[in-house]
Every structure is written in C-alpha cells, then in structure tokens.
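Survey of secondary and tertiary structure
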Amino acid sequence: MLFCLIAAVAWGISFPVMGKVLLLIDPFNFTALRYGAVSILMLAILLYKEGGAALRLRGERYMLAWALGSCGFCGYGFLIFHGQQLAGQAGALSASAMIATTPMLTLLMHWAIRDARPSAASFCCIGLSFLGVLLVASGGELGNLLHQGITANSAALLLLGAASWALYTLGASFFPGWSGYRYTALTTALGLTTVLLSTFALQALGYIQRPTLAVLPSLVPYLGYMVLIAGVLAVLCWNLGNKMITPNNGVLFLDAVPVTAFAVEALAGTPIASGQLLGAACTAVALLANNLYQRRRLALAANQAKVSCR
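Residues numbered from 1 in each chain as written. Predicted model: local features only at pLDDT ≥ 70, side-chain atom pairs only at ≥ 80, totals over all residues. Heavy atoms only, no water.

This brings us to the overall build of the protein chain. Along its length, the protein chain carries twelve helices and zero strands. Ordering the α and β elements of the protein chain from the N terminus gives α-α-α-α-α-α-α-α-α-α-α-α. Over its C-alpha atoms the protein chain spans a radius of gyration of 20 Å, differing by no more than 12% from the 19 Å that the globule rule assigns to 310 residues. Taking the principal axes of the C-alpha coordinates as reference, the protein chain spans close to 70 × 55 × 30 Å. Classification of the 310 residues of the protein chain by burial places 50% in the buried group. For the protein chain, restricting intrachain contacts to residue pairs at least 6 apart in sequence, the fraction spanning at least 24 positions comes to 86%. Put simply, the protein chain has 16 plus and 7 minus side-chain charges, and the middle of one group is 13 Å from the middle of the other. (Helix = DSSP H or I, 4+ residues; strand = E, 2+ residues; numbered from the N terminus. Rg over C-alpha atoms; globule rule 2.2 N^0.38 Å. Buried < 20%, exposed > 50% of the residue type's maximum accessible area, 1.4 Å probe, protein only. Contact = heavy atoms within 4.5 Å. Lys, Arg positive; Asp, Glu negative; His and termini not counted. Charge placed at Lys NZ, Arg CZ, Asp CG, Glu CD.)

Between its first and last C-alpha atoms helix α5 (residues 102–114) spans 17 Å; for 13 residues at 1.5 Å apiece the expected length is 18 Å, and the two agree. At the exit of α5 stands aspartate 115, carrying a positive phi of roughly 55°. (Expected span 1.5 Å × (residues − 1).)

On the surface, a cluster of nonpolar side chains totalling about 690 Å² of accessible area is made up of Leu2, Phe3, Ile6, Leu41, Leu228, Ile229, Leu233 and Met244. Mapped onto the elements of the fold, phenylalanine 3 is located in helix α1 (residues 2–21). (Patch = residues over 30% accessible without salt bridge, like charges linked within 9 Å, V, L, I, M, F, W, Y side chains within 5 Å. Areas by Shrake-Rupley, 256 points an atom, 1.4 Å probe, with all protein chains shown as cover. Salt bridge = Lys/Arg side-chain N within 4 Å of Asp/Glu carboxyl O.)

Oppositely charged side chains can pair when the atoms bearing their charge come close. For the coordinates displayed, the defined rule picks out one salt bridge. Here arginine 182 ties to glutamate 60 by a salt bridge, and the two come within 3.2 Å at their closest N and O atoms. Taken together, the residues arginine 182 in helix α8 (residues 180–204) and glutamate 60 in the loop between α2 (27–50) and α3 (62–87) connect sequence positions 122 residues apart. Among the residues examined, arginine 182 registers a relative accessible area of 9% and is labelled buried. Judged by relative accessible area, glutamate 60 falls into the partly exposed class, the value being 28%.

As a further point, take the layout of surface pockets. Counted as a void, the largest pocket has a volume near 400 Å³. The wall of the largest pocket is formed by 22 residues, among which Ile245, Thr246, Asn249, Gln294 and Arg297 lie closest to the centre. Among the elements that take part in the lining of the largest pocket, helix α12 (residues 274–309) stands out by supplying eight residues, more than any other. Looking at the lining of the largest pocket, its residues break down into ten nonpolar, nine polar and three charged. (1 Å grid on protein atoms, 1.4 Å probe; cavity = no way out; pocket = protein on both sides within 12 Å on 5 of 7 lines; lining within 4 Å. Points joined across faces, edges and corners; volume = space filled by probe spheres on them. Nonpolar A, V, L, I, M, F, W, Y, C, P; charged D, E, K, R; others polar.)

Glancing now at the packing of aromatic side chains. A complete count under the given rule lists 14 aromatic pairs for this structure. Summarising the aromatic geometry, the rings of phenylalanine 73 and tryptophan 165 are spaced 6.1 Å apart at their centres and angled 80° between planes, so their arrangement reads as edge-to-face. Here tryptophan 165 lies in helix α7 (residues 152–171) and phenylalanine 73 lies in helix α3, a separation of 92 residues in the sequence. Taken as a pair, phenylalanine 73 and tryptophan 165 share a single burial class, namely buried. Ring centres of tyrosine 76 and tryptophan 165 lie 5.3 Å apart, and the angle between their planes is 50°; on these two criteria the pair is classed as tilted. Here tryptophan 165 lies in helix α7 and tyrosine 76 lies in helix α3, a separation of 89 residues in the sequence. Of the residues examined, tyrosine 76 reaches a relative accessible area of 10% and is grouped as buried. Assessed through its relative accessible area of 4%, tryptophan 165 is described here as buried. One aromatic cluster in this structure is built from Trp11, Phe15, Tyr35, Phe73, Tyr76, Phe81, Trp165, Tyr168, Phe175, Trp178, Tyr183 and Trp238. (Phe/Tyr/Trp six-rings, centres within 6.5 Å; stacked < 30°, edge-to-face > 60°.)

In terms of nonpolar packing, the biggest core is built from 64 residues, with Trp11, Phe30, Trp165, Met226 and Trp238 touching the most fellow members. The set of elements that each furnish at least two residues to this core consists of α1, α2, α3, α7, α8, α9 (216–245) and α11 (256–267). Once residues within four sequence positions are removed from consideration, tryptophan 238 is found in contact with Phe3, Cys4, Ala7, Trp11, Trp165, Thr169, Gly250, Val251, Phe253 and Leu254. (Core = buried A, V, L, I, M, F, W, Y, C linked by side-chain atoms within 4.5 Å.)

Glancing now at the environment of tyrosine 62. Structurally, tyrosine 62 can be placed in helix α3. Taking the C-alpha atoms as reference points, tyrosine 62 and leucine 219, separated by 157 residues in sequence, lie 33 Å from one another. What tyrosine 62 contacts, discounting residues up to four positions off in sequence, is Leu57 and Leu190.

This structure, assessed with the given rule, holds three cavities of 30 Å³ or more. One number sums up the size of the largest cavity: a volume of about 60 Å³. Along its surface, the largest cavity is lined by Trp11, Ser14, Arg34, Tyr35, Phe73, Tyr76, Phe81, Trp165, Met226, Ala230 and Val235. Only α1, α2, α3 and α9 provide two or more residues apiece to the lining of the largest cavity. A per-class count over the lining of the largest cavity returns nine nonpolar, one polar and one charged.

By themselves, these observations are geometric and do not establish any function.
Written out as structure tokens, the structure is:
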C-alpha cells in the first residue's frame, strides 16, 4: 500500500511540473528524453539487483513485454501529456482527474481478459473514490468541470492514456515469474523503442520540431524530477506494490493522483472549498474500505480452505 501511495503522490506532483515543461517543449520530445534516461537507470538497477541473466529474454514473451511497455510509456506519456497540453494550463487539474478513470478501466479489462467479474463492493469503492476526485477537481461544484478547459479532443486523449496505463498495470500478471524490478526495467527499455521511433516519425512528418540545445538547460530541474522521482522511483514502487496487493487493489491509489495535484495547487495559494475537502474524504474512505474488504475476503477464503482440508 505504501509503495502504491508513493507512486500516486509522485505522479500527482508531476502534473503541475509538466504544466511548466509544456511551456518549453512538446510532450513527445520530452517523453523521449525522459524515458531514455529512465531506461538506462532501470536497467542498471536490474543488473545490480538480479545480475546479467535478468537482462536476457531468450524464450521469454518479449513481444508481449514490448507491447505492454509501449502502452505504458509511449501510450501513457504521449497521450496523457498531449491531452494536458490541449486542455491548457487552466485545465491541468481537470486533466489529472481523468486518471481516476483508471481503476474502473482496470476492473473492466481484468473482467474481459480473465473473465473475473469484480465484486459489487469493488465497484462501489471505485465509484465513491471517483466521485471524491471529481469533487476535488471541480472545486466542490461538479458543474465546474464543464468549464475548466477539457475539450472533446483532450478528454479522448486523456481517457486513452488512462486505458494505456491500466493495460500496462494488468500486464504484469502475465509475467508471474518476473520480479517487479525485471518487469519495470525490461518493459521500460522495450517501450523506449516505440517512444523513439514515434518521436522520430513525428519529427520527419513536421508535426513537431527537434528540440534545440538552448532549451536543455532550462529543462534540467524538471527532467530531474520526472526521471528520478516520477520515473524511476514511482514506476518501481508502483510495480512492486501491485505485485504484492494485485492490480485490482493497487489501481485505487491512482485516485490520489488528482488529489495530490490539487494539494500542490492549494499550497501555491489556490483556496480550498468545503466540497473539495469532502471529495478528499470520499477518496480516503474508498481506499480504506476497499482494503478492509479485500482483507476480509482473503481471511474468509483462508478459513474455508482450512475447513475443507479437515
């Protein structure tokens, strides 16, 4: 739970950070720079933790790992932050709130892939947490969401980005023999190939320009956070945490992303409405209720297994 919460808070802070970045560079080139550095660091960590054998993919499902890495890093990085760019700075908080759709998307994908229907309690917890996030993002007035810069194009990109991350998170279950370190490092490195190829293609088509050397010094502090904290630390914590508590539980912590983004804005001087405090409370209650429910369900299953053994 702590690992998942660390990741969610780190990503929540990344939205205000990216608001500054997008004034300097497009999200595509920045994603390539970011994950180029993240990939090197992840592979170094894996080499240190598990040795050179962990880097070999002979006989492994490397095409699936590449597809999942492409979804998680190219899909999420491009779609989410381009959606935020289209929404404009005024819509950054509402854009972060779209991440709250990830738990519901994950449950639906898990249902479709594994034929495992989520419990009614899980749906209720996700619904409550989503309501809380919307209250936070809207300033306590849900109607305000329609006037905070989210256009149809940006909303579609943000939703696709959230779906990409949901699929990446679920994808770890297809590699039960891989540690969280190995899944993180190899999918990042494989997904980087898609990031680079897509970036070069966009440059060749004239959709984006190559970044100039003059802009790089101003990007250094933002790259530092987005690589070391939101990249390496957060993604490692996320995959390790989901390995322990399963994606169905872990994804609920993504509701802390927009709440964190809101808290950063509040610290910067944005006034806090009572409806927003209510929303934060709803999200906290949903996270706690889901965890208690999952613990109780596991305890009952363990007791039934003991009785059947007797």
